[in-house]
Amino acid sequence: VIERAHAEALDAADGLASFRDRFVVADEGLVYADGNSLGRLPRATVAALERLTAEWGERLVRGWSDWIEEPVRVGDRLAPVIGAGRGEVVVCDSTTVNLYKLAAAALAWRGGGALLADRGEFPTDRYVLEGLAAAHGVELRWLESDPVRGPDTASVAAACRAGDVALVVLSHVHFRSGALADLPAITAAAAEHETLVLWDLSHSAGAVPVDLVAGGAALAVGCTYKYLNGGPGAPAYLYVRRDLQEELRSPVQGWFGQRDQFLMGPEYEPAAGIERFLAGTPSVLGLAAVAAGVELLLEAGVEALRRKSVALTELTVALHDERLAPLGFRLSSPRDGERRGGHVALAHDVAWPICRVLVEQERVVPDFRPPDVVRLGFAPLYSRFVDVWDAVDRLAGLVERGDHLDMDASPARVT
Ligand SMILES: *Cc1c(COP(=O)(O)O)cnc(C)c1O
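Residues numbered from 1 in each chain as written. Predicted model: local features only at pLDDT ≥ 70, side-chain atom pairs only at ≥ 80, totals over all residues. Heavy atoms only, no water.

Trainee: Help me understand the pattern of salt bridges in this model?
Mentor: Pairing is possible between side chains of opposite charge, provided their charged atoms come close. Taken as a whole and judged by the stated rule, the model has 33 salt bridges. Between D76 and R86 there is a salt bridge, with its nearest N and O atoms 3.5 Å apart. In this pair, D76 is assigned in helix α4 (residues 70-78) and R86 in the loop between α4 and β2 (89-92), connecting sequence segments 10 residues apart. Classification of D76 by relative accessible area gives buried; the value is 16%. The salt bridge partner of R259 is E269, with a shortest N-O separation of 2.9 Å. In this pair, R259 is assigned in the loop between α9 (242-245) and α10 (284-300) and E269 in the loop between α9 and α10, connecting sequence segments 10 residues apart. The exposure class assigned to R259 is partly exposed, which follows from its relative accessible area of 33%. E269 sits in the partly exposed class, given a relative accessible area of 40%. (Salt bridge = Lys/Arg side-chain N within 4 Å of Asp/Glu carboxyl O. Helix = DSSP H or I, 4+ residues; strand = E, 2+ residues; numbered from the N terminus. Buried < 20%, exposed > 50% of the residue type's maximum accessible area, 1.4 Å probe, protein only.)

Listed below in structure tokens is the structure:
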């Protein structure tokens with residue numbers, strides 16, 4: 001039996017434990033298990049936003065002489081988190097928009113060809129590719145991967161063997177199952193057929209070490225409001241391998257991607273380097289928040305975060321086996337910690353009313369992913385092992401008592 005004292009001992013030995021105090025914890029009674037959807041608010045971000053709003057008030061438009069550098073500067077700070085080099089990352093727009101820009105740029109560069117993605121991919125990624133395929137008259141093919149294990153190297157290689165696949169879009173960590181894809185192996189297998197891979201790092205960056213350069217990755221995008229703690233709607237990032245930057249052109253020809261922007265010339269000519277993938281005026285307040293979140297991650301170190309994250313998910317899985325499996329839950333994530341990202345998916349036939357009771361009565365915040373998954377994401381920077389224990393204990397308790405049987409099971413706007 002795994003007692004709460006075991007989780008307390010793990011917390012006492014946790015070298016990252018002090019980072020929790022660097023975040024706003026408004027309610028100590030609330031167990032937050034959704035850091036993979038929206039990270040907590042760093043205290044430093046409150047100060048950074050105060051500084052920036054003061055600067056806005058004082059400097060007015062003159063502030064732009066410094067603010068204009070921020071998308072590249074924050075990209076360079078973020079680069080080590082994803083194993084990219086200087087000048088290979090910019091922070092701008094949303095993940096959805098960046099995915100569109102890079103996928104369209106790759107497709108144009110290849111002069112057409114099929115697109116390939118996983119049938120179970122995150123919705124926005126699928127929808128963007130569907131739109132691109134329709135607009136360019138190219139085929140969109142689907143990988144039918146195992147929903148728990150996710151896409152594997154062999155099936156990507158087999159799909160690319162047709163020889164006409166221009167681009168594959170894949171998540172590094174799957175948003176539902178948490179399956180961790182083998183980025184270097186899949187990138188290499190696709191490259192054998194001259195296929196580019198665009199990696200979506202939204203669910204991995206900040207919880208799992210990513211090494212884009214060592215993995216030979218060509219393109220990547222990701223969001224900053226999950227494990228990077230940039231805040232709701234914070235700008236996303238994009239990565240383009242240096243040797244490809246001059247080859248690719250953004251389909252959104254905005255003035256922030258223009259060479260000599262303030263000459264305001266008659267025609268668009270892309271800037272040299274990564275800046276050509278900017279579109280319009282960046283969110284400077286959002287960038288300040290991203291920078292503050294990234295500094296905390298760098299201070300903690302991605303390797304240390306990964307070790308703690310694996311320990312947190314190991315405890316979640318062990319507690320699932322002991323307390324939840326007998327109540328009808330099924331582990332819907334890879335059992336091997338090496339094959340899993342930072343969250344754990346637990347399936348149950350009546351997951352939605354269970355989730356509602358968990359949030360509204362038990363004060364645990366997970367999220368629900370249809371049709372049947374309760375997703376627990378304990379971000380390693382501020383989560384404690386007792387948070388895992390308490391979350392599972394409250395989850396087991398409510399199902400044992402049958403509290404969810406009286407809960408309204410109609411759908412909600414946001415889950
Ligand atoms: C969170 C997430 C996104 C978010 O896209 P937005 O444009 O920020 O809404 C995209 N893709 C994946 C895989 C995600 O996990």
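Trainee: Help me understand the site of the ligand, please; the structure alone is not making it clear to me.
Mentor: Near the ligand you find S94, T95, T96, F122, T124, D125, S171, D200, S202, H203, Y225 and K226, and these make up its full shell. Between D200 and the ligand, the recorded distance is 2.8 Å, taken from a side-chain N or O atom to a nitrogen atom. Here K226 contributes a side-chain N or O atom positioned 2.5 Å from an oxygen atom of the ligand. Taken together, the elements giving at least two residues each to the shell around the ligand come down to α5 (95-110) and α6 (123-136). Split into classes, the residues belonging to the shell around the ligand amount to two nonpolar, seven polar and three charged. (Near = heavy atom within 4 Å. Polar contact = N/O pair within 3.5 Å; in protein donor to acceptor, adjacent residues only side chain to side chain. Nonpolar A, V, L, I, M, F, W, Y, C, P; charged D, E, K, R; others polar.)

Trainee: How do you make sense of the pairing of strand β5 (residues 165-171) when you look at a structure like this?
Mentor: Each regular strand carries side chains that alternate between the two faces of the sheet. By the criterion of burial, β5 is predominantly enclosed, with seven of the seven residues buried. Both strand β3 (residues 114-118) and β5 contribute to a ladder of four bridges, which runs parallel. From the neighbouring strand, A117 faces β5, where its bridge partner is V169. Relative to strand β6 (residues 196-200), β5 runs parallel, the two being bridged by five bridges. The residue bridging S171 from the neighbouring strand is D200, located in β6. In this fold, the crossover linking β5 to β6 by way of helix α8 (residues 183-191) has right-handed handedness. (Pairing = 2+ DSSP bridges. Right-handed = clockwise from strand over helix to strand, strands pointing away.)

Trainee: Any chance you could explain the packing of aromatic side chains here in plain terms?
Mentor: What characterises a pair of aromatic rings is the spacing of the ring centres plus the angle enclosed by the ring planes. Per the stated rule, a full pass over the model turns up seven aromatic pairs. Here a set of aromatic residues connected by ring pairs shows up, and it is made of W64, W67, W255, F256 and F262. When the ring centre of F122 is taken as origin, the NZ or CZ atom of K226, which lies over that ring, is 5.3 Å away. (Phe/Tyr/Trp six-rings, centres within 6.5 Å; stacked < 30°, edge-to-face > 60°. Lys NZ or Arg CZ within 6 Å of the ring centre and 35° of its normal.)

Trainee: Could you clarify how one ought to interpret the sheet that holds strand β4 (residues 140-143) in this entry?
Mentor: Strand-to-strand pairing in sheets goes through backbone hydrogen bonds, with the strands running parallel or antiparallel. In space, the seven strands of this open sheet follow the order β2-β8-β7-β6-β5-β3-β4, with mixed pairing throughout. Two strands lie at the open edges of the sheet, namely β2 and β4, each paired on one side alone. With strand direction ignored, the average angle separating the axes of adjacent strands in the sheet is 20°. Here strand β7 (residues 219-222) runs beside strand β8 (residues 236-240); their pairing, made up of four bridges, is antiparallel. The residue bridging V221 from the neighbouring strand is L238, located in β8. (Axes fitted to C-alpha atoms, helices over the stretch in contact; angles between N-to-C directions.)

Trainee: Sorry if this is basic, but what is going on with a nonpolar patch on the surface here?
Mentor: Nonpolar side chains collect at one region of the surface, where W56, L60, V61 and L285 lie side by side and expose about 430 Å² of accessible area between them. Summarising the element assignment, L60 is placed in the loop between α2 (43-59) and α3 (64-67). (Patch = residues over 30% accessible without salt bridge, like charges linked within 9 Å, V, L, I, M, F, W, Y side chains within 5 Å. Areas by Shrake-Rupley, 256 points an atom, 1.4 Å probe, with all protein chains shown as cover.)

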